[in-house]
Amino acid sequence: MAVYTVDFGHTLSGGDTGAGGNGLREEKLTREIGNLVVQGLRKEGHTVYPIQLDYANTMVESLNYRVNKIISIKPTQSISIHINAATSTDATGVEVWGDNLCKDMCLRISDNISKQFNLANRGFKNGCESLALVGLYGLSNVPALLVECFFISNTSDCSKYNAQKYADCIVSGLSLI
């Protein structure tokens, strides 16, 4: 069995709250999906550590907390749950950031979500060049991926939201560890 960390992405208040749109808040959705991912992985017999921080003054403080916590646990795989946003309401779909070590896993998760929700599959994004940008910085010794489940700025994406189905898609994409 594997050891996972599941980062719920963003704080509930302070300097690192997530994106908002269509009456939804990223920091709340990531906790809904994240808690269900934790339950699903534990049901499969894995050891899972949820990573969540309710308040941070700044994004740097929030990211430092997450990275230090993940490094101290030394998981087999770290997963960060996010909801994408764009200035254009036309942006749509799912994408999964990671590195080449977890590219297959990223593609499975992206494919699962795309098929389940009939969303554009933006696929695998190599985060090695811009780890700080996607919130994975400092995890060079830990396999890490970041799931951007859908666009909170797109009305159609938001209308399909189902936390359990998103969690199931992520868990089944990880299940080959």
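Cut-offs and rules
- Residues numbered from 1 in each chain as written.
- Predicted model: local features only at pLDDT ≥ 70, side-chain atom pairs only at ≥ 80, totals over all residues.
- Heavy atoms only, no water.
- Phe/Tyr/Trp six-rings, centres within 6.5 Å; stacked < 30°, edge-to-face > 60°.
- Helix = DSSP H or I, 4+ residues; strand = E, 2+ residues; numbered from the N terminus.
- Buried < 20%, exposed > 50% of the residue type's maximum accessible area, 1.4 Å probe, protein only.
- Pairing = 2+ DSSP bridges.
- Axes fitted to C-alpha atoms, helices over the stretch in contact; angles between N-to-C directions.
- Expected span 1.5 Å × (residues − 1).
- Contact = heavy atoms within 4.5 Å.
- Core = buried A, V, L, I, M, F, W, Y, C linked by side-chain atoms within 4.5 Å.
- Salt bridge = Lys/Arg side-chain N within 4 Å of Asp/Glu carboxyl O.

Q: Hey, could you run me through the packing of aromatic side chains in this one?
A: Here a ring pair, both rings aromatic, is described through the centre-centre distance and the interplanar angle of the planes. Summed over all chains, the structure comprises four aromatic pairs. When the ring of Phe150 is compared with that of Tyr161, the centres are 5.8 Å apart and the planes differ by 50°; the resulting orientation is tilted. Of this pair, Phe150 sits in strand β10 (residues 144-151) while Tyr161 sits in the loop between α4 (155-159) and α5 (163-174), and the two are 11 residues apart along the sequence. Classification of Tyr161 as partly exposed rests on a relative accessible area of 21%. Seen in terms of ring centroids, Phe150 and Tyr166 are 5.5 Å apart; in terms of plane orientation they differ by 35°. Their pairing is tilted. Of the two residues, Phe150 is situated in strand β10 and Tyr166 in helix α5; the sequence distance between them amounts to 16 residues. Put simply, the rings of Phe117, Phe150, Tyr161 and Tyr166 touch in pairs and so form one group of aromatic residues.

Q: Can you help me understand the sheet that holds strand β7 (residues 77-84) in this one?
A: The strands that make up a sheet are held in pairs by hydrogen bonds between backbone atoms, and each pair lies either parallel or antiparallel. Taking strand neighbours across the sheet as the criterion, the six strands line up as β5-β1-β7-β10-β8-β9 in an open arrangement whose pairing is mixed. For this open sheet the edge positions go to β5 (47-51) and β9 (121-126), each flanked by a neighbour on one side alone. When strand polarity is set aside, the average angle formed by the axes of neighbouring strands in this sheet is 20°. Bridge analysis of strand β8 (residues 94-98) against β10 gives three bridges, and the strand direction is antiparallel.

Q: In this structure, what is going on with unusual backbone geometry? I would like to understand it.
A: Backbone geometry follows two general trends: most residues other than glycine have a negative phi, and most peptide bonds adopt the trans configuration. Positive phi outside glycine occurs at His10, with the angle close to 75°. The topology assignment puts His10 in the loop between β1 (3-7) and β2 (13-14). Residue His10 is classed as buried on the basis of its relative accessible area of 13%. The phi dihedral of Lys74 is positive, around 55°, even though this residue is not glycine. Looking at the secondary structure, you find Lys74 in the loop between α2 (59-73) and β7.

Q: Quick question: what am I supposed to make of helix α1 (residues 26-43) here?
A: Owing to its 3.6 residues per turn, the α-helix aligns residues three or four sequence positions apart on the same side. Between its first and last C-alpha atoms α1 spans 25 Å; for 18 residues at 1.5 Å apiece the expected length is 26 Å, and the two agree. The complete set of buried residues in α1 reads Glu26, Glu27, Leu29, Thr30, Arg31, Ile33, Gly34, Leu36, Val37, Val38 and Leu41. On the buried face of α1, the contacting elements are β1, β4 (24-25), β5, β7, β10 and α5. Just past α1, the residue Gly45 takes up positive phi, approximately 95°.

Q: Is there a simple way to explain the nonpolar core in this structure?
A: Soluble globular proteins tend to bury their nonpolar side chains together. Counting 37 residues, the largest nonpolar core has Ile113, Leu145 and Ile170 as the members making the most contacts within it. Going through the elements one at a time, β1, α1, β7, β8, α3 (103-117), β10 and α5 are the ones with two or more residues in this core. With seven residues, α5 is the single largest residue contributor to this core. What Ile170 contacts, discounting residues up to four positions off in sequence, is Ile33, Val37, Ile81, Ile109, Ile113, Val147 and Cys149.

Q: How do you make sense of the pattern of salt bridges when you look at a structure like this?
A: Pairing is possible between side chains of opposite charge, provided their charged atoms come close. Under the counting rule described, the total for this entry stands at four salt bridges. For Glu27, the salt bridge is made with Arg25, and the minimal N-O distance between the two is 3.0 Å. Accessibility expressed as a relative area gives 33% for Arg25, which makes it partly exposed. Here Arg31 ties to Asp54 by a salt bridge, and the two come within 3.4 Å at their closest N and O atoms. Residue Arg31 is found in helix α1, and its partner Asp54 is found in the loop between β5 and β6 (55-56); the two are separated by 23 residues along the sequence. Here Arg31 falls in the buried class, since its relative accessible area comes to 9%.

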